[in-house]
Amino acid sequence: MIVLGIETSCDETGVAVVEDHTVRSNVVASQTDLHARFGGVVPEIASRAHLTNLSLITQQALSEAGIRLDDLDGIAVTHGPGLVGALLVGLSAAKAYAFALDVPVIGVNHLEGHVETAFLERPDLQPPVLALIVSGGHTMIAAMPEHSRFEILGQTIDDAAGEAFDKIARFVGLGFPGGPEIDRIARDGDPAAIKFPRALMNEPSYDFSLSGLKTAVIRWIRDREMAGETINVPDLAASFQEAIVDVQVAKTIRAAGERGFERIVIAGGVAANSRLRALMKERGEMQGLDVIVPSVALCTDNGAMIAAAGMRRLMRGESSPLSLTADPNLVLA
Ligand code: KG4
Ligand code: ZN
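Remember, it's a predicted structure, so these values are computed and weren't measured experimentally.

Overview of the site of ligand 1
(1) Moving on: Residues in contact with ligand 1 amount to 18 residues; listed here are only the nearest, Gly-136, Asp-166, Asp-183, Gly-269 and Asp-301.
(2) Moving on: One of the side-chain nitrogen or oxygen atoms of Asn-273 is found 3.0 Å away from a nitrogen atom of ligand 1.
(3) Moving on: At 2.9 Å from an oxygen atom of ligand 1 is found a side-chain nitrogen or oxygen belonging to Asp-301.
(4) Moving on: Calculation on ligand 1 without its partners gives an accessible area of 550 Å², and the protein chains cover 89% of this total.
(5) Moving on: Partitioned by chemical class, the residues of the shell around ligand 1 number 5 nonpolar, 10 polar and 3 charged.

Take a look at the structure:
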């Protein structure tokens, strides 16, 4: 089965061709440059850029895969969660292709797509898995008992991890998106230099809270500035990053133990973070867990993850009606 995957939920236009769980092409047009000067994603600019890029990216994905539109057996498209205008661009295109080609369209939850990337690179991998999903808009621990089925065990009660990375990076004058910048600068810093709070670390729930950490970092910077001290940005970045990653890793591993999971998957843009990747592997493997860390290119938003998740559903005979629309708050279930 050959499926086209279309992802337009935020600021990456992604189109990919996946054939039976193998990625044949995966083209991403990033809009980072368009949003950078605003310090964040501007929804209307995102929608317009998707509209400009999508057809060209689709042609490129088909040609890199060496196939034609006629070869497609189905179209998978993100229908939520995300920015409504951005989602509608991908959805309109997906439905038009499906209608014209007379093939099924399947709406995919963006977060389900993130988790499916783990299975693309490890064909031997089977559910059940426990997923830590960390992105610009979400931070959660979810159980995946079987493909396409999820139970959220815990999630952030305030900011998402990527949002915290982006806000702190912006506060210290680093570029957008801030996650990769903090990650890069933190390599030269000492993660133990500053003791930032680890919220909810010892609570029995699997929930997260990041707004207190953000406030603590900003207060720490202001105090140093008031005292006329220079700030060691690499130490600050490394200590902030460590506070986020430490809680995420500890809670995910504890959840795996308490809920009887042997395999942990990390997914979403923040799963590209080098410290999260290393620490989850290190501590998880110490507990005898199989820790699956997708390659960096598959962690950030892309079309292959949507095609992969859609393929699972299409293979089971599922499809969506042509009345499929965007759901900005679509819940993972
Ligand atoms: O999954 P994603 O591409 O888009 C959403 O679904 O939100 O995630 C984007 C987020 C941004 O907040 C970005 O700063 C963060 O992922 N991110 C990182 C890294 N690379 C991307 N955060 C920390 N370290 C990274 N290396
Ligand atoms: Zn994402």
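There is more to say, and it comes next.
Focus on the domain arrangement of the chain
Accessible area lost when the parts come together is the quantity often used to give the size of an interface.
(1) Moving on: For the chain, the assigned domains are domain 1 (2-115 + 299-315) and domain 2 (126-296).
(2) Moving on: Placing a centre on the C-alpha atoms of domain 1 and another on those of domain 2 gives a separation of 27 Å.
(3) Moving on: With 17 residues of domain 1 in contact, the opposing surface of domain 2 contributes 22 residues.
(4) Moving on: A buried area of about 1500 Å², summed over both sides, lies between domain 1 and domain 2, and 70% of it is on carbon and sulfur atoms.

Observations regarding the pairing of strand S8 (residues 149-155)
(1) Moving on: In terms of strand pairing, strand S7 (residues 139-146) meets S8 through 5 bridges, oriented antiparallel. Opposite Ala-142, over in S8, you have Ile-152 as the bridge partner.
(2) Moving on: As consecutive antiparallel partners, S7 and S8 are separated by 2 residues, and within that stretch Ser-148 has a phi angle of approximately 70°, a positive value.

Let's talk about the pairing of strand S1 (residues 2-7)
Each regular strand shows side chains that alternate between the opposite faces of the sheet.
(1) Moving on: Taking burial as the measure, the 6 residues of S1 include 6 buried ones, the bulk of the element.
(2) Moving on: Of the two faces of S1, the one carrying Ile-2, Leu-4 and Ile-6 and the one carrying Val-3, Gly-5 and Glu-7 are both buried.
(3) Moving on: In this structure, the hairpin formed by S1 and strand S2 (residues 12-19) is closed by a connection of 4 residues.
(4) Moving on: Of the strand pairs in this sheet, S1 and strand S4 (residues 74-80) are connected by 4 bridges, and their pairing is parallel. Looking at the pairing, Gly-5 lines up with Ala-76 of S4.

Rules used in this analysis
Residues numbered from 1 in each chain as written. Chains lettered and ligands numbered in written order. Predicted model: local features only at pLDDT ≥ 70, side-chain atom pairs only at ≥ 80, totals over all residues. Heavy atoms only, no water. Near = heavy atom within 4 Å. Polar contact = N/O pair within 3.5 Å; in protein donor to acceptor, adjacent residues only side chain to side chain. Areas by Shrake-Rupley, 256 points an atom, 1.4 Å probe, with all protein chains shown as cover. Nonpolar A, V, L, I, M, F, W, Y, C, P; charged D, E, K, R; others polar. Domains from an automatic or database assignment. Contact = heavy atoms within 4.5 Å. Buried area = accessible area lost by both parts, 1.4 Å probe. Pairing = 2+ DSSP bridges. Helix = DSSP H or I, 4+ residues; strand = E, 2+ residues; numbered from the N terminus. Buried < 20%, exposed > 50% of the residue type's maximum accessible area, 1.4 Å probe, protein only.

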